[in-house]
Amino acid sequence: MPLPNYAYFKGRIVPYSEAKVGIMTHTLHYGTGVFGGLRGYWNTEEEQLFVFRPHDHFRRFLDSARLLCMDFRETEADFTERLIELLRIENFRTDCYIRPLAYFSDEIIGVRLHDLTPEIAMISVPFGSYVDDEEGVHVTVSSWRRVEDNMVPARGKITGAYVNSALAKTDAQRSGFGEALVLNQDGHISEGSAENFFLVRRGVISTPPVTDNILEGITRRTIIQLLRDDLGLEVLERPIDRTEIYLADEAFFCGTGVQVAAITRVDHRAVGTGRMGPIVGSLRKLYFDVVRGRVAKYSDWCAPVYQPKEAASRR
Ligand code: PMP
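On a predicted model such as this, the values are computed, not experimentally measured, just so you know.

Peer 1: Any details on the packing of helix α2 (residues 54-67) against helix α3 (residues 76-90)? Residues and values, ideally.
Peer 2: Where α2 contacts α3, the two axes come as close as 8 Å, and the packing angle between them is 120°. One finds that α2 runs oblique with respect to α3. Crossing geometry of α2 relative to α3 is assigned as right-handed. On α3, the residues that touch Pro54, His55, Phe58, Arg59, Phe61 and Leu62 of α2 are Glu76, Ala77, Phe79, Thr80 and Leu83. Across the contact of α2 with α3, the residue classes break down as seven nonpolar, two polar and two charged.

Next comes the structure, spelled out in structure tokens:
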């Protein structure tokens, strides 16, 4: 992966090579940071880069920071402005991934959350797909369990909690699977290592509720709305048993990185026909039109980075 050219670091945009921290940095040792993950989508017709739902991403970023007792003066609108400035300087004319990070910059020994100095950094890099085949992911049910709200809250995007995701992902991939599906302590499906989970059974779509130790995904929220309002489907947020996926007609992951990816096999069992189904197929098409700023109804979700050229060709 190419390195960024610039970084937002300590309140200004600097060459990436100057955005450095010392090895004593608190967050590096104790996992006491929070992060975000956004995407920018290049729209060739409009010659425009659209950042998808930046206000919602930065709202969650600030919420995650609050969980770690980090206070910032900036609002989600301030972060969006800084991000747009960074992307203009990078001058991307391609899809990109954006990573804001809040960390405690103190170079001290001592595990705690109080009396520390939170700082923000942000970078962006060109980015394509996160999984090899978005139309056919083979998942395994991980032997690792998802972090619990009273251990490390999954609803915050907390750096230390990603050890849980990394354990599940590495074991899955070393065993030949594309992704892991992680269960809660009570045996219900929570989510993938870095993506939310949905299944389709008899025309009804289900996804785990936010009380089942999931990250409250922005894509999840987007997908629920698209399924209900545009595809006219019923979506339930409810606990999901492991064996329901064995009997599902379709299943998929969603997230900023993975976008919408069909799960076609689970532990060598076919999900439905074993190929991407019609609902996931239609949803993927709609999702990519939405994120690229091609659906007028959802244009508020797509923040333009550059000055608009001329009349948009949106439907
Ligand atoms: N769950 C986890 C654990 C994640 O890391 C992510 C990626 N941020 C998601 C779900 C999807 O969240 P979002 O749609 O906001 O990217």
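Peer 1: Residues and numbers for the environment of Arg53, please.
Peer 2: Along the chain, the position of Arg53 falls in the loop between β5 (48-52) and α2. Its relative accessible area of 7% is what places Arg53 among the buried residues. Along the sequence, Arg53 and Glu18 sit 35 residues apart, while their C-alpha atoms lie 29 Å from each other. Discounting residues that sit within four places of it in the chain, Arg53 has contacts with Ile218, Arg221, Thr222 and Trp301. Here Asp56 takes part through its side chain, which lies 3.0 Å from a polar atom of the side chain of Arg53. A distance of 2.8 Å separates the side chain of Arg53 from the side chain of Thr222, its partner in a polar contact.

Peer 1: Give me the lowdown on the environment of Leu215, citing residues and values where you can.
Peer 2: Assignment of secondary structure puts Leu215 in the loop between β12 (204-207) and α5 (218-230). Classification of Leu215 as buried rests on a relative accessible area of 9%. Here the alpha-carbon distance between Leu215 and Ala154, two residues 61 residues apart in the chain, equals 5.3 Å. Ignoring sequence-local partners within four residues, the contact set of Leu215 consists of Arg60, Ala154, Arg155, Gly156, Lys157, Tyr162, Glu191 and Asn196.

Peer 1: Help me get a handle on the site of the ligand, residues and values and all.
Peer 2: By nearness alone, 16 residues border the ligand, and Arg60, Tyr162, Glu191, Thr219 and Thr256 come closest of all. Taking Lys157, its side chain carries an N or O atom lying 2.8 Å from a nitrogen atom of the ligand. Between an oxygen atom of the ligand and a side-chain N or O atom of Thr219, the distance comes to 2.5 Å. For the ligand, whose accessible area on its own is 380 Å², the fraction buried by protein is 97%. Listed by contribution, the elements that provide at least two residues to the shell around the ligand are α2 and α5.

Peer 1: Tell me about the environment of Gly217, and please be specific about residues and values.
Peer 2: Looking at where Gly217 falls in the secondary structure, it is placed in the loop between β12 and α5. Residue classification places Gly217 among the buried positions, given a relative accessible area of 7%. Considering only alpha carbons, one finds Gly217 and Gln185, 32 residues apart in sequence, at a separation of 20 Å.

Peer 1: Explain the pattern of salt bridges to me, using residue names and the numbers behind them.
Peer 2: Across all of its chains, the model carries 19 salt bridges by this definition. Residue Arg294 pairs with Glu45 through a salt bridge whose shortest N-O separation is 2.8 Å. Of this pair, Arg294 sits in the loop between α6 (278-291) and β17 (302-304) while Glu45 sits in the loop between β4 (38-43) and β5, placing them 249 residues apart in sequence. Classification of Arg294 as partly exposed rests on a relative accessible area of 23%. Its salt-bridge partner being Arg155, residue Asp149 comes within 3.3 Å of it at the nearest N-O pair. Taking relative accessible area as the criterion, Asp149 reaches 36% and is therefore assigned partly exposed. Through salt bridges that share partners, Arg59, Asp63, Arg66 and Glu76 make up one connected network.

Peer 1: Any chance you could break down the nonpolar core for me, citing the residues and the numbers?
Peer 2: Within the largest apolar cluster, 32 residues are counted, with the highest numbers of intra-cluster contacts made by Val34, Leu49, Val51, Met70, Leu83 and Leu87. Ignoring sequence-local partners within four residues, the contact set of Leu83 consists of Leu38, Val51, Phe58, Ile98 and Met122. Of all hydrophobic cores here, the second largest spans 27 residues; its members include Phe50, Phe198, Leu226 and Val291.

Peer 1: Tell me about the domain arrangement of the chain, and name the residues and values.
Peer 2: What the domain assignment lists for the chain is domain 1 (6-126) and domain 2 (137-291). The C-alpha-based centres of domain 1 and domain 2 are spaced at 25 Å. With 22 residues of domain 1 at the interface, the matching set in domain 2 holds 20 residues. Of the roughly 1700 Å² buried at the junction of domain 1 and domain 2 (both faces included), carbon and sulfur atoms supply 62%. Among the residues domain 1 hides against domain 2, the three largest losses belong to Phe35, Phe52 and Arg60. Together they make up 35% of the total. Applying the counting rule to domain 1 against domain 2 returns one salt bridge. Taken together, domain 1 and domain 2 are joined by eleven residue pairs in polar contact (both at pLDDT 80 or more). Within the residue set of the side of domain 1 that touches domain 2, elements represented by two or more residues are β3 (34-35), β4, β5, α2 and β6 (96-104). When grouped by side-chain class, the residues that make up the side of domain 1 that touches domain 2 number ten nonpolar, eight polar and four charged.

Cut-offs and rules
- Residues numbered from 1 in each chain as written.
- Predicted model: local features only at pLDDT ≥ 70, side-chain atom pairs only at ≥ 80, totals over all residues.
- Heavy atoms only, no water.
- Axes fitted to C-alpha atoms, helices over the stretch in contact; angles between N-to-C directions.
- Helix = DSSP H or I, 4+ residues; strand = E, 2+ residues; numbered from the N terminus.
- Parallel < 35°, antiparallel > 145°, perpendicular 65-115°, else oblique.
- Left-handed = near helix turned anticlockwise from the far one by under 90°.
- Contact = heavy atoms within 4.5 Å.
- Nonpolar A, V, L, I, M, F, W, Y, C, P; charged D, E, K, R; others polar.
- Buried < 20%, exposed > 50% of the residue type's maximum accessible area, 1.4 Å probe, protein only.
- Polar contact = N/O pair within 3.5 Å; in protein donor to acceptor, adjacent residues only side chain to side chain.
- Near = heavy atom within 4 Å.
- Areas by Shrake-Rupley, 256 points an atom, 1.4 Å probe, with all protein chains shown as cover.
- Salt bridge = Lys/Arg side-chain N within 4 Å of Asp/Glu carboxyl O.
- Core = buried A, V, L, I, M, F, W, Y, C linked by side-chain atoms within 4.5 Å.
- Domains from an automatic or database assignment.
- Buried area = accessible area lost by both parts, 1.4 Å probe.

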